[in-house]
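Results of the structural survey
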Amino acid sequence: NELEGDSGLRFGQPGAGHTVVVFWDYGSPFCRNLWPHLTRLLDRVDGKLSVYLKLLPDGEDVLLARAAACAGGTGRLNRIHDLLLELGRTEASEAAVLAALGTAGLSAEEANSCLKDAGALQLVATHRTLAGSCGVKNAPAVFINGYRVKPPTGLDFYTLYAALLQLPVAAQ
């Protein structure tokens, strides 16, 4: 399943029985509101779930996505993810992102290199192509075990948990 490739930012256990893929935009208030529900889900099914964030920033505003893309390779993904959530779109200046990366323990050289990394832009482009092939136009969009979850009332812990219980382990 192309959704479950490891090109996303992974939280939880690799090779877990269940996979949640979220097309994600750090500048989106909807994504930021979804995160506590995802972490609760990870805690509830401890060790049996992987959550992959596929970066789908709105428009050309890719600064936070670039910072997140390089975070996966630093061993500091959780801390950088939390700091980027705090920044959101309104404070997403390059100086603020560099400061956040520094707070997470990256040196100034590592942080600058991270934001200039062409691989981060390529990852965003790859995720945008994947989103298009899945019919996704905006973040957040959630897939559990390869199936899209589109509840009429919004995404929350109970909706996600119910979908996780009802869906087969892998999409056919």
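Structure: see above.
Residues numbered from 1 in each chain as written. Predicted model: local features only at pLDDT ≥ 70, side-chain atom pairs only at ≥ 80, totals over all residues. Heavy atoms only, no water.

A tally of regular secondary structure across the protein chain gives 7 helices and 5 strands. The secondary structure elements of the protein chain, listed N-terminal to C-terminal, are β-β-α-β-α-α-α-α-α-β-β-α. Its C-alpha radius of gyration of 15 Å places the protein chain within 12% of the 16 Å reference for a compact globule of 172 residues. Split into buried and exposed, the 172 residues of the protein chain put 47% on the buried side. Of the roughly 8,500 Å² of accessible surface on the protein chain, a fraction of 50% belongs to carbon and sulfur atoms. Here the protein chain carries 15 positive and 17 negative side-chain charges, and the mean point of each set is 5 Å from the other. (Helix = DSSP H or I, 4+ residues; strand = E, 2+ residues; numbered from the N terminus. Rg over C-alpha atoms; globule rule 2.2 N^0.38 Å. Buried < 20%, exposed > 50% of the residue type's maximum accessible area, 1.4 Å probe, protein only. Areas by Shrake-Rupley, 256 points an atom, 1.4 Å probe, with all protein chains shown as cover. Lys, Arg positive; Asp, Glu negative; His and termini not counted. Charge placed at Lys NZ, Arg CZ, Asp CG, Glu CD.)

We now examine the packing of aromatic side chains. One pass over the full model with this rule turns up 6 aromatic pairs. Geometrically, the ring pair formed by F157 and Y158 is edge-to-face, given 5.3 Å between the ring centres and 75° between the ring planes. Using a relative accessible area of 3% as the deciding quantity, one classes F157 as buried. A residue is classified by how much of its surface remains accessible, and Y158, at 57% relative accessible area, is exposed. Note on F157 and Y161: the rings are 5.6 Å apart at their centroids and 10° apart in plane angle, and the pair reads as stacked. (Phe/Tyr/Trp six-rings, centres within 6.5 Å; stacked < 30°, edge-to-face > 60°.)

Three or more residues of helix α7 (residues 157-166) are buried, namely F157, T159, L160, Y161, A163 and L164. Looking at the packing, one finds that the buried side of α7 touches β2 (18-24), α1 (29-44), β3 (49-55), β4 (141-144) and β5 (147-149). Of the residues flanking the start of α7, the one acting as N-cap is D156, its side-chain oxygen 3.2 Å from the backbone nitrogen of Y158. (Contact = heavy atoms within 4.5 Å. Polar contact = N/O pair within 3.5 Å; in protein donor to acceptor, adjacent residues only side chain to side chain.)

To continue, consider the sheet that holds β3. Across the sheet, 5 strands lie side by side as β1-β3-β2-β4-β5; this open sheet has mixed pairing. This sheet does not close on itself; its edge strands, each paired only once, are β1 (9-12) and β5. Strand-to-strand twist of the sheet, defined as the mean angle between neighbouring strand axes without regard to direction, takes the value 25°. Helix-sheet contacts for α1 involve β1, β2, β3 and β4, and the interaxial angle to β2 is about 170°. (Pairing = 2+ DSSP bridges. Axes fitted to C-alpha atoms, helices over the stretch in contact; angles between N-to-C directions.)

Right, let's talk about the nonpolar core for a bit. Within the largest apolar cluster, 64 residues are counted, with the highest numbers of intra-cluster contacts made by V20, F23, W24, Y26, L53, L55 and L101. It is helix α2 (residues 63-71) that provides the largest number of residues to this core, a total of 8 residues. In contact with L55, not counting residues within four places along its chain, are L9, W24, Y26, A65, A68, A69, L123, V124, H127 and R128. (Core = buried A, V, L, I, M, F, W, Y, C linked by side-chain atoms within 4.5 Å.)

In this chain, A139 is followed by P140 through a cis amide linkage whose omega measures 0°. Tracing the backbone through its elements, the reader meets P140 in the loop between α6 (118-133) and β4. Notably, N145 is not glycine yet its phi reads approximately 50°, a positive angle.

Function cannot be read off these values alone, since they describe shape.
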